[in-house]
Amino acid sequence: MCDCGSGSSRAGGPYATGRELVEFVLAAHGGRVACSPLPTALEVCCQECGRDFVLQTFVQGCPSCGGVHAVSPPRANDPAAVQYAGADFGAAA
Ligand SMILES: [Zn+2]
């Protein structure tokens, strides 16, 4: 059971967008969420280079350009909820 964000009053959280969302997921549960497998892998299109790839963990880099994408746990089944951190985001995914 995961209730990420349900008690959070911070700005952003699981419904933030772009880099803010990526950073939220990276920090969630001390970073344990970020490398956890998604309940259902999502087919996404890289928002940097346009390559299609399968997002298998909550935070993952594009296999082509390395652009970091993330989805928050409450929206893990929604490909449209995947957010892109931006080309200069330096997180190791
Ligand atoms: Zn890419």
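Residues numbered from 1 in each chain as written. Predicted model: local features only at pLDDT ≥ 70, side-chain atom pairs only at ≥ 80, totals over all residues. Heavy atoms only, no water.

In the annotation of an unreviewed UniProt entry, the entry for the protein chain reads Hydrogenase maturation nickel metallochaperone HypA, and the organism field reads Geomonas anaerohicana.

Section: the confidence of the model for the protein chain
In this model, the protein chain carries a mean pLDDT of 88, and residues with pLDDT of at least 70 account for 85%. Low confidence marks residues 5-9, where pLDDT is under 50. Its contacts with residues over four positions away, or in another chain, come to 2 contacts. (pLDDT = per-residue confidence, 0-100. Contact = heavy atoms within 4.5 Å.)

Re unusual backbone geometry
Unlike most non-glycine residues, His-29 shows phi in positive territory, near 50°. With respect to the secondary-structure elements, His-29 resides in the loop between helix 1 (18-27) and strand 1 (37-45). (Helix = DSSP H or I, 4+ residues; strand = E, 2+ residues; numbered from the N terminus.)

Quick notes on the nonpolar core
Membership of the largest hydrophobic core comes to 25 residues, with the highest contact counts inside it found for Val-25, Leu-38, Leu-42, Leu-55, Phe-58 and Val-71. Mapped by element, the contributors of at least two residues to this core are helix 1, strand 1, strand 2 (52-57) and strand 4 (68-70). When residues of this core are assigned to their parent elements, the largest contribution, 4 residues, is made by helix 1. Each residue touching Leu-42, except ones within four places of it in the same chain, is listed here: Phe-53, Val-54, Leu-55, Val-71, Ala-76, Asn-77, Asp-78, Pro-79 and Val-82. (Core = buried A, V, L, I, M, F, W, Y, C linked by side-chain atoms within 4.5 Å. Buried < 20%, exposed > 50% of the residue type's maximum accessible area, 1.4 Å probe, protein only.)

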